Amino acid sequence: MSSLRLLAPPAHAVQLLSWNLTGGDDLGEIRAGIHRHFEDGLTELAGRMALVVTELAGNALRHGRPPIVVRVLQDADCYLLDVADHAPEHIPRFVAATGSVLPGGRGLLIASTLAQQVCWYPGDRTKHIWASFPFPAEPTG
C-alpha cells in the first residue's frame, strides 16, 4: 500500500462552498449543493466532484474523527475539493488490489481516477485530503 502525495493546496484558493459533515445522510445534501453550484454548463464536472466527495467524505466518516468539514475552493485554473477530519494520525493510503469481492477500500483509487490529483496534508489537529479538478476547456468553433 502506498500513501497519497503530501502537499497542501494553493494558499490563495478561495472558498466557494462549505459543509459540516455529521453522518452519511449529509452526503446527499453536499452532492446536491455541488450540482446546484455548477449547474450552468458544468454538469460533467459537478458529477465527477460529487462522486469524489462521496468517496473522500465517506472515508472521513469511517476512518476520521469529527468534526468533518467539506469545502469547495477555486484557484486560478482549477476547483478544489477539500475534506478535513480530526484524525491526523491516520495517514491516507491506497489499498492494495487483492481481488477481494468485499466492498470498500477503493475510495482513494476512485477519487484519483476522477480528479486531476489527490493529495493530503496535516494541520495542527486535522488531516485534509483534497482533490483538484481543472477548469473545463472552452468550446472551440
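What counts, and at which threshold
Per chain, residues are indexed from 1 in the order of the written sequence. Given that the model is predicted, a residue must reach a pLDDT of at least 70 before its local features are reported, and side-chain atom pairs must reach 80 or more before they are shown or counted; all residues, however, enter totals for whole chains, interfaces and linings. Working from all heavy atoms in the structure, the side-chain values ignore hydrogens and water. Counting from the N terminus, the helices are DSSP H or I runs at least four residues long and the strands are E runs at least two residues long. Relative accessibility thresholds used throughout: buried, under 20% of the residue-type maximum; exposed, over 50%; partly exposed, between the two (1.4 Å probe, protein chains only). By definition, residues are in contact when any of their heavy atoms lie within 4.5 Å. Summarising the geometry, the arc corresponds to the directions from the helix axis toward the C-beta atoms. Salt bridge criterion: a side-chain nitrogen from Lys or Arg within 4 Å of a carboxyl oxygen from Asp or Glu. A pair of strands counts as paired when DSSP detects no fewer than two bridges linking them. Axis lines are fitted through C-alpha atoms, for helices just across the contact stretch, and the angle between N-to-C directions can take any value from 0 to 180 degrees. Any two of the Phe, Tyr and Trp rings considered here, Trp counted by its six-membered ring, make a pair once their centres fall within 6.5 Å; the pair's planes then place it as stacked at under 30 degrees, edge-to-face at over 60, or tilted in between.

1. Overview of the overall build of the chain
Stage number 1. The helix and strand tally for the chain stands at 3 helices and 6 strands.
Stage number 2. Each helix and strand of the chain, ordered N terminal to C terminal, gives the series β-β-α-α-β-β-α-β-β.
Stage number 3. Counting all 141 residues of the chain, 40% fall into the buried class.
Stage number 4. In the chain, of all internal contacts separated by at least 6 residues, the share reaching a separation of at least 24 is 63%.

2. A closer look at unusual backbone geometry
Where the residue is not glycine, phi is negative for most of them; where a peptide bond is considered, it is trans in most cases.
Stage number 1. Here the amide bond leading from P66 into P67 is cis, since omega sits at -5 degrees, within 30 degrees of zero.
Stage number 2. The topology assignment puts P67 in the loop between α2 (43-63) and β3 (68-74).

3. Here's the deal with helix α3 (residues 107-114)
Stage number 1. Listing the buried residues of α3 in full gives G107, L108 and A111. Down the axis of α3, the buried set is contained in an arc of 95 degrees. They therefore lie on one face.
Stage number 2. Against the buried residues of α3 lie α2, β5 (117-122) and β6 (127-134).

4. Observations concerning the pattern of salt bridges
Pairing between side chains of opposite charge can happen when their charged atoms approach one another.
Stage number 1. The final tally for this structure, using the stated rule, is 4 salt bridges.
Stage number 2. Between E89 and R65 there is a salt bridge whose closest N-O contact spans 2.7 Å. One end of the pair, E89, is in the loop between β4 (78-85) and α3; the other, R65, is in the loop between α2 and β3, and 24 residues separate them in sequence.
Stage number 3. A salt bridge links R71 to D82, with the nearest nitrogen and oxygen atoms 3.7 Å apart. On the criterion of sequence distance, the pair formed by R71 in strand β3 and D82 in strand β4 is long-range, its members being 11 residues apart.
Stage number 4. Relative accessible area serves as the criterion here: at 21%, R71 is assigned to the partly exposed category.
Stage number 5. The buried category is assigned to D82, whose relative accessible area is 1%.

5. Let's talk about the sheet that holds β3
Stage number 1. Spatially, β1-β5-β6-β4-β3-β2 is the arrangement adopted by the 6 strands of the open sheet, whose pairing is mixed. Of all the strands in the sheet, the pair left with one neighbour each is β1 (5-6) and β2 (14-21).
Stage number 2. Relative to β6, β4 is paired through 8 bridges, and the arrangement is antiparallel. Counted as the bridge partner of D85 is K127 from β6.
Stage number 3. Sheet strands touched by α2: β2, β3, β4 and β6. Its angle to β4, the strand with the most contacts, is close to 15 degrees.

6. With respect to the packing of aromatic side chains
Pairs of aromatic rings are described using the distance from one ring centre to the other and the angle between the two planes.
Stage number 1. For the coordinates displayed, the defined rule picks out 2 aromatic pairs.
Stage number 2. Here the aromatic rings of F38 and Y79 are separated by 4.8 Å at their centres, their planes lie at 80 degrees, and the arrangement is edge-to-face. Taken together, the residues span a long stretch of sequence, with F38 in the loop between α1 (26-37) and α2 and Y79 in strand β4 at a distance of 41 residues.
Stage number 3. Accessibility expressed as a relative area gives 2% for F38, which makes it buried.
Stage number 4. Judged by its relative accessible area of 11%, Y79 falls in the buried class.
Stage number 5. Ring-pair connections join several aromatic residues into one group, and the members of that group are F38, Y79 and F135.

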